[in-house]
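Structural characterization, general
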Amino acid sequence: MKLNEIADLLKGNFTGNGELEISGIASLENAQNGEISFLENIKFLEQVRKTNASCIIVPKDFKEIINQSFIKVENPKLAFAKVAEILYPTKKRQAEIHKSAIIAENAIIGNDVFIGAFCCVGENSEIGEGTQLRAGAKVGENVKLGKNCIIDPNVFIEDNCEIGNEVILHAGVVIGTDGFGYVRDSENNKHIKFPQIGKVIIEDNVEIGANSCVDRGALGETRIGEGSKIDNQVQVAHNVSIGKRVIIAAQTGISGSVTIEDDCVIAGQVGFADHTTIKKGAVIGAKSAVFPGKIVRKGYWSGIPVMPMDEYKKLNAYIKSLPRLFKEFKKLKEALKEKK
Amino acid sequence: MKLNEIADLLKGNFTGNGELEISGIASLENAQNGEISFLENIKFLEQVRKTNASCIIVPKDFKEIINQSFIKVENPKLAFAKVAEILYPTKKRQAEIHKSAIIAENAIIGNDVFIGAFCCVGENSEIGEGTQLRAGAKVGENVKLGKNCIIDPNVFIEDNCEIGNEVILHAGVVIGTDGFGYVRDSENNKHIKFPQIGKVIIEDNVEIGANSCVDRGALGETRIGEGSKIDNQVQVAHNVSIGKRVIIAAQTGISGSVTIEDDCVIAGQVGFADHTTIKKGAVIGAKSAVFPGKIVRKGYWSGIPVMPMDEYKKLNAYIKSLPRLFKEFKKLKEALKEKK
Amino acid sequence: MKLNEIADLLKGNFTGNGELEISGIASLENAQNGEISFLENIKFLEQVRKTNASCIIVPKDFKEIINQSFIKVENPKLAFAKVAEILYPTKKRQAEIHKSAIIAENAIIGNDVFIGAFCCVGENSEIGEGTQLRAGAKVGENVKLGKNCIIDPNVFIEDNCEIGNEVILHAGVVIGTDGFGYVRDSENNKHIKFPQIGKVIIEDNVEIGANSCVDRGALGETRIGEGSKIDNQVQVAHNVSIGKRVIIAAQTGISGSVTIEDDCVIAGQVGFADHTTIKKGAVIGAKSAVFPGKIVRKGYWSGIPVMPMDEYKKLNAYIKSLPRLFKEFKKLKEALKEKK
């Protein structure tokens, strides 16, 4: 790709040799001749001086004179990601149904579908056009899988689940197993399984990280909204409703019937008690806990239990000062005693 | 199933049209004509007014006059679960050994066993009557797997483990891999593996959630007692002993040689340090930590480290009041200074 | 193995019958006649009295007169592990490529390699001499896998990753999936994937527990250093650098671009914010959190956020004393009021 094509794509303000051929992307630190890189923020300017990159995508307020070509844009990181999308397109495996795959006779397989070795597709399931099922991925019965999805090795999608278009499920993801619900039967001292007969609906453009799990609804559905992105080893329990464009980092656990509305950002290792609600646009810090009954409003939150981030920071500072407080209190008491 | 059959099954007090055919179960909110639902608690009465369910299982103290049929029982949720067990029985796959499965010649396969595509059963292993190994499940050597188990896709059971009857292992579960134990060899500055040659014993009626792991004993055994239920992404380390009817929610981690006695209830994301003991009937709140050396008695516990729930709540309230305390303390000091 | 052979191996001080044949290892509690056991510390001496072991490995300061043979060594646990290595060598599966395995034509398979049922090896990949790929393990394209590795069932290694020699990856491990990185595109209100085109490098002698995940570098690499040991369900994000001989216990989560230097020990359920640095030899307690921007020096650390262990313990004691402080403060205020 030539530099002036890239500059056009980014609608950026270009300075340099537009005929230069760009062969790859890299960080400023590791870039080689012929590669493009980006400067996220003017304060890391030092890295620009040492880079071997042939072109740098820079922020609007970039004013240096440098030897390399550069493109000024509003958001260099975003621009860089867009270039990467073109130079490193998602691997498109050629249409094929591997001879070892076991596909139910009445399954509907779209055009241009790739189904790798040791895959299974159950009865009445549907695999949309352009979707790739990589080696060992298993799709149950009555599953609807949309177009251009990438289903990585050893993913399992249980019966009756619905997956939208352009969904990426990374290796080891489990969609649609039973939720965790029991009723104690005191007569025979046993836990009786509460019915787990609902399903999972994953909307378009969702990405779910390796070894994450999404349980089916007990009676209704578990839903992950359009454009939401979930990291590795996340647990989504039955009847959870996740809105659109929600970001959830690794190892977070979401209990049954939690609602997380659109555009929330959830850091790693957070825990949500069941039936809690996170309102549109809330941001929750790592390792926080949302306790039962809580409704979390828009804003920044952290702590066990969660509180507004400001309050959390202040409280932490107070806690850090406890040794001093205890000491001063002791001194004060002694001083008063002496006075008596 | 006719309503008077259901009423008989539940030994409930029935009012309505016993000849009505019930085709399914649903929540009060989503129920359609022909479906049965339940009212867990009289305080959600409002939902009864709007439901389209044809029959409602209600608590004993229900006194309303409604158009629908209803059945009065002691525990409506339990009764509902029992109806669900009959209307939605666990899927029974027809006896079959898929042609792609690799079964050791000397493995013993019981009657009525289902073994799906791409399964493996190793030497000297035994699969009990009526058990289902779903696609891609792998059973090592010398494994004893009981009757009527459901082993979901991509489960792996390592050599020498013993699994009881009616056990459910959800997708991605790993049973019997090496525990995590090393001894530092200062001579060559290496971690030498401590032997991990024990096994895992899972008793009857246990259910383990997707992607959970149970390590084999280092020298002895790791055991999960009868009727215990474990959620997704739980880690059970070597030589752990879990009693009967224990409930463990998602993402909890149990270190080596921990003992959790019968009837404990452990919430999600809890951590147990090694060699700790949780006495019969203890209940531990989410995200708690049981620190080394701790013995947790019966009762409700929470916190990092765990303390009795009452104490935990009180302590949290005090912590929340720290800003006020610091302020008042400062005021008091100043007032005293002025007095001088 | 005869006892005097074992004594020679351990260079220990031997007392007893050197001709005795030892058939196995066990804990003092469970050992049978013919087995060898060890006494870790002189304070558990009581167990020696009751054991049926035929020989006991004991510490240097052992002075009892017992019926059994015994071997005095510096570090009995280490010595025991060394005996175990010989009596229970790692299972060496005979060289075989299972007929069901799918191996790319141009893959290079070393001598003495075992490839089990339903395995895949992609184009241009290389499997080193003596390595075992167990049933269902999947290796992508351009992967370099060293000598004498054990890759357990259902492991997935993504394209372009490099694995050293003597590496053990337990069941369900996922190496090299995309890291979790997006850039918000405000124009169309979407999360655009930041490129995840780097790789994972795992050095010699690393062991990674079941269902753990290691993401590929975004642009550069994610690296796990020689001799490091990682437990089950650990998450290692993109561009993390883990040094040599690092120990990481279960369910710990390591965010992007974290550096953990040589010889660190990380307990379970710890969380690391991105770009944090853990200096050589630091030890971090269970369930701790390393907050953004933090550099953790050598020493013992714990808490959310982490602080030196001493400070953490002191602070916890102060927190526990809060109810008393509040009460005393109230009393003091009242006393002062009355005085007025």
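This one's a predicted model, so the numbers in the text were calculated from it and none came from an experiment.

Attention now moves to the confidence of the model for chain A. For chain A, per-residue confidence averages 96 on the pLDDT scale, and residues scoring 70 or more make up 100% of the total. Across the predicted assembly, pTM comes out at 0.97 and ipTM at 0.96.

What follows is about the relation of the copies chain C and chain B. When chain C is fitted onto chain B, the two copies agree to an RMSD of 0.1 Å after a turn of 120° and an axial shift of 0.0 Å. Viewed as a symmetry operation, the transformation between the two copies matches a three-fold axis.

Residue and element names in this part refer to chain B. Spatially, the 12 strands line up as an open sheet ordered 6-9-12-15-18-23-26-29-32-35-38-39, and their pairing is mixed. A single partner strand is all that each edge strand has here, and the edge strands are strand 6 (96–97) and strand 39 (307–308). Two strands pair when backbone bridges link them, and strand 29 (residues 247–248) and strand 32 (residues 265–266) are joined in this way by two bridges, in the parallel orientation. In the strand pairing of strand 32, I248 is matched with I266.

At the interface, 64 residues of chain A touch 59 residues of chain B. Buried area between chain A and chain B, summed over both chains or domains, comes out near 4,800 Å², and the portion from carbon and sulfur atoms is 66%. There are eight salt bridges connecting chain A and chain B. Between B:K91 and A:E141 there is a salt bridge whose closest N-O contact spans 3.0 Å. Taken together, the connections running from chain A to chain B amount to 25 residue pairs in polar contact (both at pLDDT 80 or more). Mapped onto the side of chain A that touches chain B, the elements with two or more residues apiece are strand 19 (174–177), strand 20 (182–185), strand 21 (190–193), strand 24 (213–215), helix 4 (309–320) and helix 5 (322–339) of chain A. With eight residues, the single largest contributor to the side of chain A that touches chain B is helix 5 of chain A.

All names here are of chain A. Note that strand 35 (residues 282–284) and strand 38 (residues 299–302) share three bridges and pair parallel. By the bridge assignment for strand 38, A282 is matched with G299. Summarising the sheet, strand 38 and strand 39 (residues 307–308) pair through two bridges and their orientation is antiparallel. In the sheet register, S302 faces strand 39, and the bridge partner there is M307.

Now for the sheet that holds strand 35 (residues 282–284) of chain C. One open sheet holds the 12 strands; their spatial order is 6-9-12-15-18-23-26-29-32-35-38-39 (chain C), and the pairing between them is mixed. Strand pairing shows two members of the sheet lacking a second neighbour, strand 6 (96–97) and strand 39 (307–308) of chain C, which therefore form its edges.

Glancing now at helix 1 (residues 3–10) of chain A. Residue and element names in this part refer to chain A. Along helix 1, the residues that are buried comprise L3, I6, A7 and L10. Angularly, the buried residues of helix 1 cover 100° about the axis, an arc narrow enough to put them on a single face. Of the surrounding secondary structure, the elements contacted by the buried residues of helix 1 are strand 1 (13–15), strand 3 (35–38), strand 4 (55–59), strand 5 (69–73) and helix 3 (76–87). Looking one or two residues beyond helix 1, the residue adopting positive phi is K11, at roughly 50°.

Once that is clear, we can look at the pattern of salt bridges. With the rule as written, the count across this model stands at 66 salt bridges over all chains. A:E203 is the salt-bridge partner of A:R223, the closest N and O atoms lying 2.8 Å from each other. Of this pair, A:R223 sits in strand 25 (residues 221–224) while A:E203 sits in the loop between strand 22 (199–202) and strand 23 (207–208), placing them 20 residues apart in sequence. On the basis of relative accessible area, A:E203 is assigned to the buried category, the value being 16%. Linking B:K320 and A:E311 is a salt bridge whose minimum nitrogen-to-oxygen distance equals 3.1 Å. Placement of B:K320 in helix 4 (residues 309–320) and of A:E311 in helix 4 is noted, with the two residues assigned to different chains. Take B:K320: its relative accessible area is 44%, and that puts it in the partly exposed class. When its relative accessible area of 33% is taken as the criterion, A:E311 is described as partly exposed. It is possible to trace a salt-bridge network through shared partners that takes in A:R184, B:R245, B:D263 and B:K280.

Residue and element names in this part refer to chain B. For the pair helix 1 (residues 3–10) and helix 3 (residues 76–87), interaxial distance at closest approach is 10 Å and the crossing angle is 125°. By the angle between their axes, helix 1 is oblique relative to helix 3. For the element pair helix 1 and helix 3, the recorded crossing hand is right-handed. Mapping the contact onto sequence places I6, L9 and L10 in helix 1 and A79, K82, V83 and I86 in helix 3. In terms of residue class, the contact of helix 1 with helix 3 is built from six nonpolar, no polar and one charged.

Rules behind the numbers
- Residues numbered from 1 in each chain as written.
- Chains lettered and ligands numbered in written order.
- Predicted model: local features only at pLDDT ≥ 70, side-chain atom pairs only at ≥ 80, totals over all residues.
- Heavy atoms only, no water.
- pLDDT = per-residue confidence, 0-100.
- Least-squares fit on C-alpha atoms with pLDDT ≥ 70 in both.
- Pairing = 2+ DSSP bridges.
- Helix = DSSP H or I, 4+ residues; strand = E, 2+ residues; numbered from the N terminus.
- Contact = heavy atoms within 4.5 Å.
- Buried area = accessible area lost by both parts, 1.4 Å probe.
- Salt bridge = Lys/Arg side-chain N within 4 Å of Asp/Glu carboxyl O.
- Polar contact = N/O pair within 3.5 Å; in protein donor to acceptor, adjacent residues only side chain to side chain.
- Buried < 20%, exposed > 50% of the residue type's maximum accessible area, 1.4 Å probe, protein only.
- Arc of directions from axis to C-beta.
- Axes fitted to C-alpha atoms, helices over the stretch in contact; angles between N-to-C directions.
- Parallel < 35°, antiparallel > 145°, perpendicular 65-115°, else oblique.
- Left-handed = near helix turned anticlockwise from the far one by under 90°.
- Nonpolar A, V, L, I, M, F, W, Y, C, P; charged D, E, K, R; others polar.

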